[in-house]
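Residue-level listing of the chains:
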Amino acid sequence: PFNMDTPPVWRAIRDTKRVLSKIDGRAEDSGNEVAIVVDWRERLRRSTAEANVFSLVYKESLIGLYASGVPFDLMTLDDFLAQPANRYRKAVFLNVIAPEEDVQIALQQRVSAPDFKSVWLVHCPYLLPSSLAKVLDTSALPKGSEVWRQLLLDIGAKPLGPAGHYIRRHGNIVMFHTGKAGTFKLTLPESMSKVRELYSGRKYKSSELTLQTDGPDTFLFMAKD
């Protein structure tokens, strides 16, 4: 999570990106409406004496977010600000505590828009009277997928699957993974009303899916033309 400098790790990331770039038809945009934002500078600033910040952000919070049932894009603060202003109107800021002046100005302009809704985990450095900003005290850290799911619902995010399981979306592809047996209902985006499950080849003619598993399982759905 933006804090490693081991050459083999970076080499693996570069190799993976090179392979992905060769896959025909790979969507350039994920289609996700929520941005989860971290500032790598804060990770470098926090010493071992402040290891609780690392735990809050990268361990407990991300685990709950990934299991919230809501797909999102994880990015640095720099990448978030580099996006067009209308790309993400919902965001969770996990460790944006003390940005530099130029970054602070750009960020304040972005999050103060009337239709921008946000959650700030550690600290909200601005007064945001025109935005829906839920500011969370670290002593009341949201733990668990259900709590994060509700926070995301509060800012208008739309879940695709149930809490407690892993769901990801990129363009016309949605992956759902569960670690246990059961019956699960997914609500895919309206643009995915006709999908094919790539492992089994099964075709669905609705964006409302009911899946049954007798144990841990992974499903990969792709929208049909």
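Cut-offs applied
- Residues numbered from 1 in each chain as written.
- Predicted model: local features only at pLDDT ≥ 70, side-chain atom pairs only at ≥ 80, totals over all residues.
- Heavy atoms only, no water.
- Pairing = 2+ DSSP bridges.
- Helix = DSSP H or I, 4+ residues; strand = E, 2+ residues; numbered from the N terminus.
- Buried < 20%, exposed > 50% of the residue type's maximum accessible area, 1.4 Å probe, protein only.
- Patch = residues over 30% accessible without salt bridge, like charges linked within 9 Å, V, L, I, M, F, W, Y side chains within 5 Å.
- Areas by Shrake-Rupley, 256 points an atom, 1.4 Å probe, with all protein chains shown as cover.
- Salt bridge = Lys/Arg side-chain N within 4 Å of Asp/Glu carboxyl O.
- Phe/Tyr/Trp six-rings, centres within 6.5 Å; stacked < 30°, edge-to-face > 60°.
- Lys NZ or Arg CZ within 6 Å of the ring centre and 35° of its normal.
- Lys, Arg positive; Asp, Glu negative; His and termini not counted.
- Charge placed at Lys NZ, Arg CZ, Asp CG, Glu CD.
- pLDDT = per-residue confidence, 0-100.
- Polar contact = N/O pair within 3.5 Å; in protein donor to acceptor, adjacent residues only side chain to side chain.
- Contact = heavy atoms within 4.5 Å.

As summarised here, the arrangement of the five strands in space is S6-S7-S12-S9-S10, forming an open sheet in which the pairing is antiparallel. With one partner strand each, in any of the chains shown, strand S6 (166-170) and strand S10 (203-204) form the two edges of the open sheet. Here S6 runs beside strand S7 (residues 173-178); their pairing, made up of five bridges, is antiparallel. Considered in S7, the bridge of Ile167 is made with Phe176.

It is worth spelling out the environment of Ile155 at this point. On the secondary structure map, Ile155 appears in the loop between helix H6 (145-154) and S6. Classification of Ile155 by relative accessible area gives buried; the value is 0%. Along the sequence, Ile155 and Val34 sit 121 residues apart, while their C-alpha atoms lie 9.5 Å from each other.

Let's shift gears to a nonpolar patch on the surface. Side chains of Val9, Trp10 and Ile13 sit close together on the surface and give an oily, nonpolar patch of about 230 Å² of accessible area. Locating Val9 in the fold gives a position in helix H1 (residues 7-20).

Across all of its chains, the model carries seven salt bridges by this definition. Residue Lys90 is joined to Glu33 by a salt bridge in which the shortest nitrogen-to-oxygen separation is 3.6 Å. Of this pair, Lys90 sits in strand S3 (residues 90-93) while Glu33 sits in the loop between H1 and strand S1 (34-38), and the two are 57 residues apart along the sequence. Classification of Glu33 as partly exposed rests on a relative accessible area of 27%. A salt bridge links Asp115 to Arg89; its shortest N-O distance comes to 2.8 Å. On the criterion of sequence distance, the pair formed by Asp115 in the loop between helix H5 (101-111) and strand S4 (117-120) and Arg89 in the loop between helix H4 (77-82) and S3 is long-range, its members being 26 residues apart. Here Asp115 falls in the partly exposed class, since its relative accessible area comes to 45%. Linked through salt bridges whose partners overlap, the residues forming this network are Asp39, Arg41, Asp78 and Glu100.

Glancing now at the packing of aromatic side chains. Inspection of the entire model under this criterion finds nine aromatic pairs. Ring geometry for Tyr66 versus Tyr166: centroids 5.8 Å apart, planes at 25°, classification stacked. Taken together, the positions of Tyr66 in helix H3 (residues 51-66) and Tyr166 in strand S6 put the pair 100 residues apart, joining distant regions of the chain. What makes Tyr66 partly exposed here is its relative accessible area of 25%. Between the aromatic rings of Tyr204 and Phe221, the centroid separation amounts to 5.7 Å while the plane-to-plane angle is 75°, which identifies the pairing as edge-to-face. In this pair, Tyr204 is assigned in strand S10 and Phe221 in strand S12 (residues 217-223), connecting sequence segments 17 residues apart. Pair check on accessibility: Tyr204 and Phe221 agree, each one buried. Taken together, Phe176, Phe184, Tyr204, Phe219 and Phe221 form an aromatic cluster joined through their ring pairs. Sitting over the face of the ring of Phe72, Arg168 holds its NZ or CZ atom 4.6 Å from the ring centroid.

Let us now look at the pairing of S12. Note on strand geometry: in a regular strand, side chains alternate between the two faces of the sheet. Pairing geometry for S7 and S12, over six bridges, is antiparallel. Residue pairing across strands places Thr178 opposite Asp217, the latter belonging to S12.

Residues Lys194, Arg196, Lys203, Lys205 and Lys224 make up a contiguous surface patch of positive charge. A relative accessible area of 31% means that Arg196 is categorised as partly exposed.

With that out of the way, let us pick up the confidence of the model for the protein chain. This prediction gives the protein chain a mean pLDDT of 84; 82% of its residues lie at or above 70. Across the protein chain, element-level confidence peaks in strand S8 (residues 182-187) with a mean pLDDT of 97 and bottoms out in strand S5 (residues 132-135) with 68.

On to the side chain of Arg87, then. With respect to the helices and strands, Arg87 occurs in the loop between H4 and S3. Within polar-contact distance, the side chain of Arg87 engages the backbone oxygen of Asn32 at 2.9 Å. With residues near it in sequence (within four places) discarded, Arg87 still touches Asp29, Ser30, Gly31, Asn32 and Asp73.

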